[in-house]
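Listed below, chain by chain, are the residues.
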Amino acid sequence: MILSPVSDDDLDRAFAALADPVRRAIIARLSRGAATVNELAEPFEISKQAVSKHIQVLELAGLVSRTRDAQRRPVHLEAARLEAMTAWIDRYRLVAEQRFRSLDAVLERTAATPSTRETATTRATATTAAHGTEKEQQS
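Note that this is a predicted model, so its numbers are computed, not measured.

What counts as what
Residues numbered from 1 in each chain as written. Predicted model: local features only at pLDDT ≥ 70, side-chain atom pairs only at ≥ 80, totals over all residues. Heavy atoms only, no water. Helix = DSSP H or I, 4+ residues; strand = E, 2+ residues; numbered from the N terminus. Buried < 20%, exposed > 50% of the residue type's maximum accessible area, 1.4 Å probe, protein only. Contact = heavy atoms within 4.5 Å. Polar contact = N/O pair within 3.5 Å; in protein donor to acceptor, adjacent residues only side chain to side chain. Axes fitted to C-alpha atoms, helices over the stretch in contact; angles between N-to-C directions. Parallel < 35°, antiparallel > 145°, perpendicular 65-115°, else oblique. Nonpolar A, V, L, I, M, F, W, Y, C, P; charged D, E, K, R; others polar. Core = buried A, V, L, I, M, F, W, Y, C linked by side-chain atoms within 4.5 Å. Expected span 1.5 Å × (residues − 1). Salt bridge = Lys/Arg side-chain N within 4 Å of Asp/Glu carboxyl O.

Peer 1: Just give me the short version of the environment of Thr 67, but keep the residues and values in it.
Peer 2: Secondary-structure assignment places Thr 67 in the loop between strand E1 (64-66) and strand E2 (75-77). Judged by relative accessible area, Thr 67 falls into the partly exposed class, the value being 36%. Counting along the chain gives 33 residues from Thr 67 to Ala 34, while the straight-line C-alpha distance between them is 9.8 Å. Excluding its chain neighbours within four sequence positions, the residues that come into contact with Thr 67 are Arg 72, Arg 73, Pro 74 and His 76.

So, in structure tokens, the structure goes:
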């Protein structure tokens, strides 16, 4: 499936819509299947009109759609829009992960190779210890 690129305006609307916890809960519920406004309103202590307004915001963002089924108007999740948003996020996540992998590799190489300062300190300590042993033996 080839996803069309998401415009900045589309992303702005979608992320703004998802900024509200009620709308995120509606999306979570719709991920299990279509539902009516009444069904979506059940878990909330807000009016059905308020839930309808939340659904309108989600519709304008392209995250949900409504269909007509006789007297019912079920709300459906637009998974393709969420997939397009995920693809946009993944593009930047993958870049960041590659940078972290590169940093990990540098840190591993650095940890495996003793630094010049550590090597010099180790040699000086060994030399001092050897001289101390020689002096003790001479006494």
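Additional details are given in the paragraphs that follow.
Peer 1: Run through the side chain of Arg 23, naming residues and quoting values.
Peer 2: Structurally, the position occupied by Arg 23 is in helix H2 (residues 21-30). Only 2.8 Å separates the side chain of Arg 23 from the backbone oxygen of Ala 17, close enough to count as a polar contact. Contacts of Arg 23, omitting those with residues within four sequence positions, involve Ala 16, Ala 17, His 54, Val 57 and Leu 58.

Peer 1: Help me get a handle on the packing of H2 against helix H4 (residues 48-60), residues and values and all.
Peer 2: At a minimum axis separation of 10 Å, H2 and H4 run at an interaxial angle of 75 degrees. In terms of orientation, H2 and H4 fall into the roughly perpendicular class. Only Val 51, His 54, Ile 55, Val 57 and Leu 58 of H4 make contact with H2, whose side of the interface consists of Val 22, Arg 23, Ile 26 and Ile 27. When grouped by side-chain class, the residues that make up the contact of H2 with H4 number seven nonpolar, one polar and one charged.

Peer 1: Give a description of the nonpolar core that names residues and reports values.
Peer 2: Among the nonpolar cores identified, the biggest contains 22 residues, and Ile 26, Leu 40, Ile 55 and Leu 63 are the most heavily contacted of them. Those elements giving two or more residues to this core turn out to be helix H1 (8-18), H2, helix H3 (37-41), H4 and helix H5 (79-112).

Peer 1: How would you explain H4 if you had to name every residue and give the values?
Peer 2: With 13 residues, H4 extends 18 Å from end C-alpha to end C-alpha; this agrees with the ideal 18 Å at 1.5 Å per step. In the core, the buried residues of H4 are packed alongside H1, H2, H3, E1 and E2. Positive phi appears at Gly 62, one or two residues downstream of H4, with a value of about 80 degrees.

Peer 1: Any chance you could break down the side chain of His 54 for me, citing the residues and the numbers?
Peer 2: Relative to the helices and strands, His 54 is located in helix H4. When near neighbours in sequence (up to four residues on either side) are disregarded, His 54 contacts Asp 20, Val 22, Arg 23, Ile 26 and Ile 46.

Peer 1: So what's going on with the pattern of salt bridges? Which residues, and what values?
Peer 2: Considering all chains together, one arrives at eight salt bridges under this definition. The closest approach of N and O atoms between Glu 39 and Arg 72, which form a salt bridge, is 4.0 Å. Of the two residues, Glu 39 is situated in helix H3 and Arg 72 in the loop between E1 and E2; the sequence distance between them amounts to 33 residues. Taking relative accessible area as the criterion, Arg 72 reaches 38% and is therefore assigned partly exposed. A salt bridge links Arg 66 to Glu 59, with the shortest nitrogen-to-oxygen separation between them at 3.4 Å.

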